[in-house]
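Chains, contacts and geometry: an overview
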Amino acid sequence: MVEWKNLDTLKSYQELKDTARVNLAEVMSGENGAERVKTYSVPMAEGMAYNYAAKAVDDNVLAVLAKLAKEAQLTEKFAALYNGEVINTGEKRLVLHQLTRGQLGDAVVADGVDKRAFYVEQQKKVAEFANKVHAGEITNAAGEKFTTVVQIGIGGSDLGPRAMYLALENWAKKHDTFKMEAKFISNVDPDDAAAVLASIDVAHSLFVLVSKSGTTLETLTNESFVKDALAKAGLDASRHMVAVTSETSPLAKSDDYLTAFFMDDYIGGRYSSTSAVGGAVLSLAFGPEVFDRFLAGAAAEDVLAKNENLLENPAMLDALIGVYERNVLGMGCTAVLPYSQALSRFPAHLQQADMESNGKSVNRFGEPVDYVTGPVIFGEPGTNGQHSFYQLLHQGTDIVPLQFIGFKNNQCGVDVDIQGSTSQQKLCANVVAQMVAFACGKEDENRNKYFAGGRPSSIIVGDQLTPETLGALLSHFENKIMFQGFAWNLNSFDQEGVQLGKVLAKRVLAHDTDGALKAYSELLNI
Ligand SMILES: O=P(O)(O)OC[C@H]1O[C@H](O)[C@H](O)[C@@H](O)[C@@H]1O
């Protein structure tokens, strides 16, 4: 039996607070620093590694973190989750996204069905559909092939799939598996849908309407927007649309769609990239085999998260170093900095995944907690970020832990040698330089040019961003967030904090307002 306890009731947490602080600038200089870079590294799946040499930890801190992992029963809690316990207490739901890519434990039977079998069946349905579209067996009314896929969805029904699509677009083109261009409509701002519609040939476009609940205002509004455009073009919308939703949603079993693919309430929107939510658009864009490879990478990384040895479990280690930085060192943000243009939307995806999961002030029993929880997440690909907000990261008054991601090779295989180095080498040189600059800083008599150092970072390194490494990367962060939620004793799988705004927006639209709501409505001419 697992016991759900607040972080501040754990003995090891008190011990962690009393552990001597590490002087990062000092430990990262000279040969000691070189040794740390070689040894403070955990293998991840698909040949990647999580390197934490430039984190403000030493063997002492790590030993106490290992005690914390045990005392907080992180491994047991993960097992409870994948064996089908009701982990999402707020909504009384199981949490089964790992099951979309593998079976980590017991068979999970819910609502009378084996859930792994259900997710695999939906993946097969998606694969068959995508293959038929690519083969020209499913076409528009004129019998012509679809060339473009447009996903309509928001939040978890947009960010993950969009980030994954962008991550693999160039890889697929290089490997001749690029089947259809994908576009995404998410914002209820009419300019979003209008711009996408203006950029495509609607007659040859297939729209994937994605909404788990089937009730999201933005998504249903954009569906109508698109249907209107199809009607104006003289096209039958039902021949151009498929739905991805839960079986209990109003969109299931509607004649408005060519077909529907299902996920269910046990997969949170922000954890749905490996379900049909990501499966439909990614299989249509790149082929089902590429989606399978992405799932295989995620499955392999999930297996590593089961390891109870903290120093062999990259997601758990990353999570607990994050808890140490947040709760003991008092750092309130984390920057996600991929040195990979293909990961340009990955930080945006992690923003939802992390902040919607762990941005909570009450524990899983609804009681206020007396410690800080989820950090603010932001990020941009390097090197662009260097020319933007790194000033504050290097010399600002807040210390922001940094999560770098880097690959030895680029995806397109095109590069030039200019002034003795390739662009890829320049990219990698920059991430190396940044990590050492942040950790070690630089002395200078001129305070304006002085760098204090002591700014912690970690890096996930891989050979190349491929479907497998992308899947492993996604799983790493999902599991990191899960372990942090366990440590903070939160329910990471509901999102009540998004409700109030939705309710008030409905009142504004119904002109049921007073006070500030009314005044702001007038200000914006509603
Ligand atoms: O997929 P849907 O039901 O349309 O939900 C889309 C999104 O909207 C909600 O407000 C939540 O904040 C997100 O977690 C969710 O991913």
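These figures come from a predicted structure and were not determined experimentally.

1. Some thoughts on the site of the ligand
Surveying the vicinity of the ligand reveals 14 residues, the closest of which are Ser211, Ser213, Thr216, Glu356 and Lys502. A distance of 2.7 Å separates an oxygen atom of the ligand from a polar atom in the side chain of serine 157. Note that an oxygen atom of the ligand is positioned 2.6 Å from one of the side-chain N or O atoms of serine 211. For the ligand, the protein covers 87% of the area, taking 390 Å² as the surface of the free molecule. Of the residues belonging to the shell around the ligand, the class tally is two nonpolar, eight polar and four charged.

2. So, the UniProt feature "active site" (unreviewed entry) in the protein chain
Residues annotated by UniProt as "active site" (unreviewed entry) correspond here to Glu356, His387 and Lys502. Across 147 residues of sequence, these annotated residues are also dispersed in space, with a maximum C-alpha separation of 36.5 Å. In this fold, glutamate 356 is placed in helix H13 (residues 346-358). Those residues in contact with glutamate 356 that lie beyond four places of it in its chain are Arg270, Gln351, Asp494, Gln495 and Val498. A polar side-chain atom of glutamate 356 sits 2.9 Å from a polar atom in the side chain of arginine 270. A relative accessible area of 47% means that lysine 502 is categorised as partly exposed.

3. A look at the sheet that holds strand S9 (residues 260-263)
In space, the five strands of this open sheet follow the order S6-S5-S7-S8-S9, with parallel pairing throughout. Strand pairing shows two members of the sheet lacking a second neighbour, strand S6 (181-185) and S9, which therefore form its edges. Looking at each pair of strands side by side, their axes are set apart by 20 degrees on average, direction ignored. Bridge analysis of strand S5 (residues 148-152) against strand S7 (residues 205-210) gives five bridges, and the strand direction is parallel. Paired with isoleucine 152 across the bridge in S7 is leucine 209. Together, S7, strand S8 (241-246) and S9 form the strand contacts of helix H6 (residues 115-135), whose direction differs from that of S9 by roughly 155 degrees. Helix H9 (residues 217-232) contacts S5, S6, S7 and S8 of the sheet and is inclined by roughly 160 degrees relative to S7.

4. What about the sheet that holds strand S12 (residues 402-407)?
What the six strands build is an open sheet, ordered S1-S2-S15-S12-S10-S11; its pairing is mixed. Two strands lie at the open edges of the sheet, namely strand S1 (41-43) and strand S11 (376-378), each paired on one side alone. Between one strand axis and the next, the sheet turns by 15 degrees as a mean value, whatever way the strands run. Looking at chain direction, strand S10 (residues 333-339) and S12 are connected through five bridges and run parallel. Looking at the pairing, proline 338 lines up with isoleucine 405 of S12.

5. Overview of helix H12 (residues 314-328)
Between its first and last C-alpha atoms H12 spans 20 Å; for 15 residues at 1.5 Å apiece the expected length is 21 Å, and the two agree. The element H12 is largely enclosed, with a buried count of 15 among its 15 residues. Following H12 by one or two positions, glycine 330 has its phi on the positive side, about 75 degrees.

6. Examining unusual backbone geometry
Note the cis peptide between glycine 382 and threonine 383, where omega equals 5 degrees. Within the element layout of this structure, threonine 383 appears in the loop between S11 and helix H14 (390-395). The residue aspartate 111 is not glycine, and still its phi comes out positive at about 50 degrees. Among the structural elements, aspartate 111 can be located in the loop between strand S3 (109-110) and strand S4 (113-114).

About the thresholds
- Residues numbered from 1 in each chain as written.
- Predicted model: local features only at pLDDT ≥ 70, side-chain atom pairs only at ≥ 80, totals over all residues.
- Heavy atoms only, no water.
- Near = heavy atom within 4 Å.
- Polar contact = N/O pair within 3.5 Å; in protein donor to acceptor, adjacent residues only side chain to side chain.
- Areas by Shrake-Rupley, 256 points an atom, 1.4 Å probe, with all protein chains shown as cover.
- Nonpolar A, V, L, I, M, F, W, Y, C, P; charged D, E, K, R; others polar.
- UniProt positions renumbered as here; feature names shortened; annotations may be inferred.
- Helix = DSSP H or I, 4+ residues; strand = E, 2+ residues; numbered from the N terminus.
- Contact = heavy atoms within 4.5 Å.
- Buried < 20%, exposed > 50% of the residue type's maximum accessible area, 1.4 Å probe, protein only.
- Pairing = 2+ DSSP bridges.
- Axes fitted to C-alpha atoms, helices over the stretch in contact; angles between N-to-C directions.
- Expected span 1.5 Å × (residues − 1).

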